[in-house]
Amino acid sequence: MASPTSAPARRRAPRASADAGGRRRPLRRDGAWPLLFAGPLVAGIAVFYLWPVVQTAWFSLTTSEVFGGATFSGLDNYRQLFTDPLLYRSLANTLVYTGVVLLGIPIAVYLASLLNLPGLRFASFYRVLYFLPYVAMPTAVAMVWRVIYNGDFGLLNYVLGLVGIDGPYWISTPGAAILAVSVVGLWSSLGFSMIVVAAGLKNIPPEYYEAAELDGASRFRQFRSITVPLLSPSIFFLLVVTVIASFQLFDLLYAILGNANPALTQSMSLVYFFYQAGFVSNDKGYAAAIAMVIFAIIGVTTAVQFRLQRRWAQGG
Amino acid sequence: MTTTGTRPARRPRGALATTVALLLVTTACGGGSGSGGGGGGGASEEYSAPDSDLSASLTYSVWDQTQVDSIQQNIAGFQEQYPDVDVSVDVTPFGEYWTKLQTQASSGTLPDLFWMNGPNFQLYASNDFLAPLTGAVEAGDVDPANYPESLIDLYTYDDVEYGVPKDFDTIAIWANRAIFEQAGVPVPEGDWTWEEFQSTAAQISQALGDQGVYGAAGGMDGQTTYYDTIYQAGGSVIEDGESAYDTPEAQAGIDFWRELIESGGSPTMAQLTDTTADQWFTSGKLGMYWGGSWFRAALSDSAVADDVVALPLPTGQEQATVIHGVSNVVAASSDQKQAAQALQVYLASEDAQRQLGEAGSVIPAYTGTQDAFVASMPDADLQVFLDALDYAQPLPVSENTAEWNALEVELLPQAFSGAEPVEEVTTELAQRMDTVLAEG
């Protein structure tokens, strides 16, 4: 989010210097203070985020030993990676997961609007109810869902059985497993999305709705023409955050499927693939290459989203 | 017992081990990997039992919280001899233990003394992170003859011993007598064959299938299932540094489980993923569970504890079971090696081992100190696990065990379920495993 704000600032700079050289002086007078205040944060980010990115980029060009030590091997890791079927399978799985979890955004908008209806009783109770999964530990959530999904004794197949459907072994059948994990991901992200949307809703002045009602707009028309457009910043924020989080799917998958699951290879996500290479096979160089690919995918996706948002915001 | 009885099994769990002592005589610092940590152990140091006024402060890393009490008792015994040696016990849960150890090894900060298991041993030994046991053996402070031979082999690399087993575990069948009775099938006595096992399992499944009860179960844990049958078929998993999965013997060992599932004697692989074999057993839904001696701890708290009896594994071409055990090893980089080795030697002693056995959580490795284990469930005939020492084979390991373990998990389920022919699956597994072993 830094880039959209800093770009206009740069463009404005020449104008500013033209009308008053003095504009810059306050900065100079502040001396080292700004640096001092921003310093700890910048240093922290540099040491714990930026430097590791640089290092990972370097490691991805090396073949590493288990206990450290690495030899430069150029693009070998990438060459191997792009011919590895696991990369494409895990990418596809990650996209499936992301797609399903993104469905949570419209659902969250809909549910938050319902919760926002004037005169709804127990509104905060419902809000807590929806938010609880988000504060629960993913591993604990996963344990509960493992039981629900259990093919022989699980709640889900029991309920399906009541209506005559013979449910599969959800978490050990390739294909079903990633969907099962996605649904849990959707369910646990719903609470967070709803809170964000609810905050956005509170910022819409009630007068708009009153005016629309006087003009005879239906509830649905109000939702479509007032709520959704005015929520677009919140929705956009959710879109970016959800996509980034979904691409980093690991703990939920690991905890639900376990590491001795026959469906695992067909169901792994990109980050699981990274984990497998780096911490099971101890091939840190290869893992770094996978990490760089994930980094690039998230970076490009996010950049595209910002692009679209600019157009979208202006058009709306 | 090993790690935590409840978590179904990751293989290394195992047991614990014995202790050992050591010292270096050369270990060849070979292998490259410049990793700073180990190194060194050159020929310059000689093992000698320290004087009792030795003063030192040691760190001892382990992963099983349930054994800490008995370890503290062991240490108290050690301090009667060496009152000025402080030992702090550092417990890290099994899952994180190896990640942490790897980091410590890379940065040259390994604990003075720590637990080692079979799957990880060669990785550390080949990178010179461990101090050899040779000195203590030559000085007569540790006699390898007192411990199961296959465990001594497990902790020998390039003909150099590094760890003395602290405890061990073997595999046998845990059988639920109540289920046998209900099914009208007699509980087998003494040694039996593969065919007898298969038909017993199928009979129980047939008799009690409508109640959701199965005769036996396979699973994805090689140590407790298919490694045993591969050995029983006369095969092995690794032979001379190469995969032996493409041999007829290993294929027979894998086929055993396919047949069991096909006959209905076992739940399917999908069922066993959702509900693991030990869960089927402790819920009273499984007649026979192939499990390790460590399972006793989890079992004794379960509803079926009173009905349980241990049976020997069936015999194929030969009789076999997989043995594993944890050992104590000293870091080559320790700057208090003399004290660490003294503790290693003490923990391997008969007194310390007996104390460990009486604490009850594991089977101590020192021959003759294991009675407490058998006595802990007098009606379950736990002697079977000790008798198995006669025909025990070591857990198959290499320098990069985890890597081909992942291949087994990826490929073997297709063979067990009958989705693909055993021969094709094992041939592919052997090829890919050879690639991994060559890199190792």
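Fair warning: this is a prediction, and the values are worked out from it, not measured in the lab.

**Regarding the overall build of chain A**
Thinking step 1. What chain A contains, in helices and strands, is 16 helices and 2 strands.
Thinking step 2. Long-range contacts, defined here as pairs at least 24 residues apart, represent 70% of the contacts in chain A between residues at least 6 apart.

**Looking at the overall build of chain B**
Thinking step 1. Looking only at helices and strands, chain B features 18 helices and 18 strands.
Thinking step 2. Taken across its 440 residues, chain B has 59% of its residues classed as buried.
Thinking step 3. Across chain B, contacts joining residues at least 24 apart in sequence account for 78% of those joining residues at least 6 apart.

**Looking at the domain arrangement of chain B**
Residue and element names in this part refer to chain B.
Thinking step 1. For chain B, the domain assignment lists domain 1 (11-169 + 324-368) and domain 2 (171-323 + 395-439).
Thinking step 2. Facing 20 residues of domain 1, the contacting portion of domain 2 comprises 17 residues.
Thinking step 3. For the side of domain 1 that touches domain 2, the elements supplying multiple residues, two or more each, are helix H3 (118-126) and helix H5 (149-154).

**Focus on the packing of helix H9 (residues 248-262) of chain B against helix H17 (residues 401-416) of chain B**
Residues and elements named next belong to chain B.
Thinking step 1. Between H9 and H17, the least distance of the axes is 8 Å, while the angle of their chain directions is 50°. The angle between the axes of H9 and H17 places the two elements in the oblique class. Between H9 and H17, the contacting residues are Ile254, Trp257, Arg258 and Ile261 on the first element and Leu412, Ala415 and Phe416 on the second.
Thinking step 2. Considered class by class, the residues forming the contact of H9 with H17 number 6 nonpolar, no polar and 1 charged.

**Notes on the confidence of the model for chain A**
Residue and element names in this part refer to chain A.
Thinking step 1. Residues of chain A with pLDDT of at least 70 account for 89%, and the chain-wide mean is 84.
Thinking step 2. Here helix H1 (residues 2-19) stands out as the least confident element of chain A, with mean pLDDT 42; helix H5 (residues 85-102) is the most confident, with 94.
Thinking step 3. This stretch, residues 1-22, has a pLDDT under 50; its non-local contacts, to residues over four places away or in other chains, come to 2 contacts.

**Topic: the environment of A:Pro106**
Thinking step 1. Position of A:Pro106 among the secondary structure elements: in helix H6 (residues 104-115).
Thinking step 2. The class of A:Pro106 is exposed, set by 12 C-beta atoms lying within 10 Å.

**A closer look at the interface of chain A and chain B**
Thinking step 1. Each side of the interface is counted separately: chain A has 23 residues, and chain B has 24 residues.
Thinking step 2. Going through the elements one at a time, helix H14 (264-267) and helix H15 (270-280) of chain A are the ones with two or more residues in the side of chain A that touches chain B.
Thinking step 3. In terms of residue count, H15(A) provides more of the side of chain A that touches chain B than any other element does, 3 residues in total.
Thinking step 4. Its residues assigned to classes, the side of chain A that touches chain B shows 10 nonpolar, 11 polar and 2 charged.

**Let's talk about unusual backbone geometry**
All names here are of chain B.
Thinking step 1. A positive phi angle, close to 60°, is found at Asp128, a residue other than glycine.
Thinking step 2. Position of Asp128 relative to the elements: it lies in the loop between H3 and helix H4 (134-138).
Thinking step 3. Take Asp128: there are 25 C-beta atoms within 10 Å of it, and that puts it in the buried class.
Thinking step 4. Unusually for a residue other than glycine, Asp159 sits at a positive phi of about 65°.
Thinking step 5. Mapped onto the fold, Asp159 is located in the loop between strand E5 (156-157) and strand E6 (160-161).

Rules used throughout
- Residues numbered from 1 in each chain as written.
- Chains lettered and ligands numbered in written order.
- Predicted model: local features only at pLDDT ≥ 70, side-chain atom pairs only at ≥ 80, totals over all residues.
- Helix = DSSP H or I, 4+ residues; strand = E, 2+ residues; numbered from the N terminus.
- Contact = placed C-beta atoms within 7 Å.
- Buried ≥ 20, exposed ≤ 12 C-beta atoms within 10 Å, placed from the backbone.
- Domains from an automatic or database assignment.
- Axes fitted to C-alpha atoms, helices over the stretch in contact; angles between N-to-C directions.
- Parallel < 35°, antiparallel > 145°, perpendicular 65-115°, else oblique.
- Nonpolar A, V, L, I, M, F, W, Y, C, P; charged D, E, K, R; others polar.
- pLDDT = per-residue confidence, 0-100.

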